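What follows is each chain in one-letter form.
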Amino acid sequence: MLKVLLASRNAGKLREFSALLPEVQFVLWPTHAPELPETGAFFQDNALQKVEGARAWWLEHGTEPVDGVLADDSGLCVDALWGGPGVLSARFAPDLANYTDRNRRLLAMLPEGASRSARFVCILAFAPTAGRMQGQPFTVSGTVEGTLALDHRGDGGFGYDPIFIPDGYAQTFGELPAGTKHSLSHRARACAALRERLAAVIR
Ligand code: IMP
């Protein structure tokens, strides 16, 4: 079984990775480890920045050997907001205490009559650390297209899930069963691409 350090403390992401990659044993980013900087302008820059930061820290301070490090940079891109909040999704409306309020603020920012089209984007960066694997960090990506609901709907998932209706459905990711999200989400698609790449690099 592949042992992988997950460079994130986001509980929602963690739950999803465990379901999406059951063949991987995840080691969690320790609570005493530093916050990983994400100062790039693009998802890809941030994913690579996080994976490289986490790998360097783990090589010095890690408590057990791992085969690699995985970082996820993801977010919601809304066409009527010029792609925002995008890479700033985790930092949108920091004055608000919860995602119900953040989601309502985001919906209120849409100009009247504007397109409600949006997409979730996920870039995964994987950095090998052990002899079983070789090579440089690499990235894979996944997206899911959809539209924004008129209000926050459903308690499932995390973050912006309750306002995102994936194409082909009438419910938000907050209302749909987790299994449905896992069959078509941006993270599911990126994980499928990662599985293919890992199969090629594991020797
Ligand atoms: P980061 O990748 O840690 O910078 O943050 C990603 C942010 O994007 C999360 O904190 C959520 O707000 C949002 N996000 C990413 N993926 C999802 C998802 O699957 N559902 C809902 N929100 C998401």
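Residues numbered from 1 in each chain as written. Predicted model: local features only at pLDDT ≥ 70, side-chain atom pairs only at ≥ 80, totals over all residues. Heavy atoms only, no water.

A. Seen up close, the side chain of H186. Mapped onto the fold, H186 is located in helix α5 (residues 186-201). Once you skip the residues sitting within four places of it in the chain, H186 turns out to touch S74, F120, V121, C122, G142, T143, V144 and K181. (Helix = DSSP H or I, 4+ residues; strand = E, 2+ residues; numbered from the N terminus. Contact = heavy atoms within 4.5 Å.)

B. Spotlight on the side chain of S8. Its place among the elements puts S8 in the loop between β1 (2-6) and α1 (11-20). Residue class for S8 comes out buried when judged on its relative accessible area of 12%. Looking at S8, its side chain comes within polar contact range of the main-chain nitrogen of N10, at 3.0 Å. If we skip the residues at most four places from it in the chain, S8 touches K13, L14 and W29. (Buried < 20%, exposed > 50% of the residue type's maximum accessible area, 1.4 Å probe, protein only. Polar contact = N/O pair within 3.5 Å; in protein donor to acceptor, adjacent residues only side chain to side chain.)

C. Representation of the nonpolar core in the model. By size, the foremost hydrophobic cluster in this structure holds 21 residues, and its most contacted members are L5 and W29. Contributions of two or more residues to this core are made by α2 (43-61), β3 (68-78) and β5 (117-128). For this core, the leading source of residues is α2, giving six residues. Ignoring anything within four residues of it in the chain, the contact list for L5 reads V27, L28, W29, A54, W58, V66, G68, V69 and L70. (Core = buried A, V, L, I, M, F, W, Y, C linked by side-chain atoms within 4.5 Å.)

D. Fine view of the site of the ligand. Neighbouring residues of the ligand: 19 residues in total, closest K13, E38, Y99, D161 and K181. Contacts to the ligand include Y99, whose side-chain N or O atom sits 2.6 Å from an oxygen atom. Between the ligand and Y160 there is a distance of 3.2 Å, counted from a nitrogen atom to a backbone nitrogen or oxygen. Burial of the ligand by the protein amounts to 95% of the accessible area it has alone, namely 490 Å². Looking at the shell around the ligand, the elements with two or more residues in it are β3 and α5. Residue contributions to the shell around the ligand peak at four residues, all from β3. A class-by-class count of the residues in the shell around the ligand yields five nonpolar, six polar and eight charged. (Near = heavy atom within 4 Å. Areas by Shrake-Rupley, 256 points an atom, 1.4 Å probe, with all protein chains shown as cover. Nonpolar A, V, L, I, M, F, W, Y, C, P; charged D, E, K, R; others polar.)

E. Just helix α3 (residues 99-108), in detail. When α3 is considered as a whole, its buried residues turn out to be R102, N103, L106 and L107. Relative to the axis of α3, the buried residues are bounded by an arc of 135 degrees and lie together on one face. At its buried positions, α3 is contacted by β3, β4 (84-85) and β6 (138-148). Structurally, the start of α3 carries an N-cap: the backbone nitrogen of T100 is 3.1 Å from a side-chain oxygen of N98. (Arc of directions from axis to C-beta.)

F. Looking closely at unusual backbone geometry. The omega torsion of the bond from G84 to P85 falls at -5 degrees, within 30 degrees of zero and hence cis. The residue P85 is located in strand β4 in this model. The phi angle at W82 is positive, at roughly 55 degrees, despite the residue not being glycine. Within the secondary structure, W82 is located in the loop between β3 and β4. Assessed through its relative accessible area of 86%, W82 is described here as exposed. Positive phi is not limited to glycine here, since A93 has a value of about 50 degrees. With respect to the helices and strands, the residue A93 is situated in the loop between β4 and α3.

By themselves, these figures tell us nothing about what the structure is for.
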